[in-house]
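# Structural features, examined
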Amino acid sequence: HRVDRRQRQMCIRDRVSTQSTGRKKIKTTLTPTRMSIHRAPLKLFSGNAHPELARSIAQVLGVELGEAIVGKFSNGETMVEIKESARDCDVFIIQPTCNPNVNDNLMELLIMADAMKRASARRITAVVPCFGYARQDKKDKSRAPITGKLVSNLIETSGIDRVITVDLHASQIQGFFDIPVDNLFAEPLLVKYIKKIHPDKDKVIVSPDAGGVKRAKAVADKLNLDLAIIHKERKRANQVSGMILVGEVEKKVCILIDDMADTCGTLKLAASELKEKGALCVYALVTHGVLSGPALTLLSESDLVEIVVTNSIPQTENVKQCSKVKVIDIAPMMSEAIRRTHNGESISVLFNISGLAEQESTNNDDH
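A brief report on the enclosed structure follows. (Residues numbered from 1 in each chain as written. Predicted model: local features only at pLDDT ≥ 70, side-chain atom pairs only at ≥ 80, totals over all residues. Heavy atoms only, no water.)

### Quick word on helix H10 (residues 331-343)
- Its 13 residues give H10 an end-to-end C-alpha distance of 18 Å, which sits within 8% of 18 Å, the value for a rise of 1.5 Å per residue.
- Buried residues dominate H10, accounting for ten of its 13 residues.
- Regarding H10, the residues found buried are Ala 331, Met 333, Met 334, Ser 335, Glu 336, Ala 337, Ile 338, Arg 340, Thr 341 and His 342.
- Downstream of H10 by one or two residues, Gly 344 has phi in the positive range, about 75°. (Helix = DSSP H or I, 4+ residues; strand = E, 2+ residues; numbered from the N terminus. Expected span 1.5 Å × (residues − 1). Buried < 20%, exposed > 50% of the residue type's maximum accessible area, 1.4 Å probe, protein only.)

### Considering the layout of surface pockets
- In this model, the second largest pocket occupies a volume close to 270 Å³.
- Lining of the second largest pocket is provided by 16 residues; of these, Val 102, Gly 132, Tyr 133, Arg 135 and Met 260 occupy positions nearest its centre.
- In terms of residue class, the lining of the second largest pocket is built from eight nonpolar, six polar and two charged. (1 Å grid on protein atoms, 1.4 Å probe; cavity = no way out; pocket = protein on both sides within 12 Å on 5 of 7 lines; lining within 4 Å. Points joined across faces, edges and corners; volume = space filled by probe spheres on them. Nonpolar A, V, L, I, M, F, W, Y, C, P; charged D, E, K, R; others polar.)

### Some points on the nonpolar core
- Counting 38 residues, the largest nonpolar core has Leu 184, Ile 255, Leu 285 and Met 334 as the members making the most contacts within it.
- The set of elements that each furnish at least two residues to this core consists of helix H2 (51-61), strand S6 (90-94), strand S8 (162-166), helix H5 (187-194), helix H6 (213-223), strand S13 (253-261), strand S14 (281-289) and H10.
- In terms of residues, this core owes the most to one element, H10, which gives five residues.
- Contact partners of Ile 255, with chain neighbours within four places excluded, come to Ile 194, Ile 197, Lys 203, Val 204, Ile 205, Val 206, Tyr 283 and Leu 285.
- Val 70, Leu 109, Ala 113 and Val 151 belong to the second largest nonpolar core, which has 29 residues in total. (Core = buried A, V, L, I, M, F, W, Y, C linked by side-chain atoms within 4.5 Å. Contact = heavy atoms within 4.5 Å.)

### A look at the packing of aromatic side chains
- Scanning the entire structure with this criterion turns up one aromatic pair.
- With centroids separated by 6.0 Å and ring planes inclined at 75°, the aromatic side chains of Phe 131 and Phe 177 adopt a geometry described as edge-to-face. One end of the pair, Phe 131, is in the loop between strand S7 (123-128) and helix H4 (147-157); the other, Phe 177, is in the loop between S8 and strand S9 (181-184), with 46 residues separating them in the sequence.
- A relative accessible area of 7% means that Phe 131 is categorised as buried.
- Taking relative accessible area as the criterion, Phe 177 reaches 7% and is therefore assigned buried. (Phe/Tyr/Trp six-rings, centres within 6.5 Å; stacked < 30°, edge-to-face > 60°.)

### Details of the packing of H5 against H6
- In the contact formed by H5 and H6, the axes pass within 10 Å of each other and the chain directions differ by 50°. Looking at the two axes, H5 sits oblique to H6. Viewed along their axes, H5 and H6 form a crossing whose handedness is right-handed. Where H5 abuts H6, its residues Glu 187, Val 191 and Ile 194 lie against Ala 218, Val 219, Lys 222 and Leu 223.
- Its residues placed into classes, the contact of H5 with H6 shows five nonpolar, no polar and two charged. (Axes fitted to C-alpha atoms, helices over the stretch in contact; angles between N-to-C directions. Parallel < 35°, antiparallel > 145°, perpendicular 65-115°, else oblique. Left-handed = near helix turned anticlockwise from the far one by under 90°.)

### Structural notes on the pattern of salt bridges
- Per the counting criterion, the structure on display carries 21 salt bridges.
- Between Arg 122 and Asp 88 there is a salt bridge whose closest N-O contact spans 2.8 Å. Here Asp 88 lies in the loop between strand S5 (78-82) and S6 and Arg 122 lies in the loop between helix H3 (102-118) and S7, a separation of 34 residues in the sequence.
- Under the relative-accessibility criterion, Asp 88 is labelled partly exposed at 37%.
- We note a salt bridge from Glu 317 to Lys 320, for which the minimum N-O separation is 3.8 Å. Residue Glu 317 and its partner Lys 320 are located together in helix H9 (residues 316-321), separated by three residues, close to a single helical turn.
- You can call Glu 317 partly exposed: its relative accessible area is 47%.
- Here Lys 320 falls in the exposed class, since its relative accessible area comes to 64%.
- Connected through shared salt-bridge partners, Glu 336, Arg 339, Arg 340 and Glu 345 make up one network. (Salt bridge = Lys/Arg side-chain N within 4 Å of Asp/Glu carboxyl O.)

### Overview of unusual backbone geometry
- Omega for the bond connecting Asn 99 with Pro 100 falls within 30 degrees of zero, at 10°, which places this linkage in the cis form.
- For Pro 100, the position within the fold is in the loop between S6 and H3.
- Even without a glycine there, the phi angle at His 198 is positive, about 40°.
- Following the sequence through the fold, His 198 ends up in the loop between H5 and strand S10 (203-207).
- For Lys 251, which is not a glycine, the phi torsion comes out positive at approximately 60°.
- Within the secondary structure, Lys 251 sits in the loop between strand S12 (239-246) and S13.

Dropping the structure here:
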């Protein structure tokens, strides 16, 4: 059979000799082999969502950010122009779909991915530290949309081959995709920070709502601390009408754990409830600090000592406006996830504290 040159290069020829009627037959088996993706050049690109984080990740990896122009036409449409070749490259687009311009950031990601696909990139990975539209992940009432599924469809259609994100609002969103999704956890970073908070005093981990119990319990188990739960009743979205505390917090340092802080009304009420029940002091550790609307004002007026967030969303202005906002850098964790994905290595080491500490030590030695 005739086999063209390109197919021959991608196949392994297995010759098997058999004796039949005095003649030697040669059986040729052509087995396709996957091209090694880690041999493709690594290229990082960023939209306008969080260039500061993208630069930090690039610095840790020791590469330069790819050159791209991402702006708008006069009528408001998103315009993307990739200024360097992406042909046969392993491309990572760092673009959280976060506030203050969630829709713009999402469109930038989709259009950049489309541009990379048409530029013949070998693989396109979307690095989305904060995954927007994740809160509507199920049809919990009549005529409700499932925006998590809608966005996942858009991402796949744009040509993205893989998604790396952090602390999805609901893990089931991974199942909305038909492509690999790596949902990293900020939990090891939070646990490391909690150990530094009043090490000489009793602490208790508190979940501000029933939906976050699993997340809070995981942190409590790793630190061998007690768990308390606050059940909140809502009148409508972003408005809490009442709270019920389950657990013992008297004379303890309370650590509120959540995946997202938006208007921070819940955290303010939770801190007040805990103080009324005899808590020594209250801290809040949140993966995604959305901090929209009156959030900074409410935090300043609250009983919280501080609120600790990651930089999955830009926090520079929030830190300037509110002294209680502290930031944990996720750039080392994200850069290691990118490096391992590029090289075809497992990223499960990033899901535990010891593995993350070992990697941070390695990064420090490199610098």
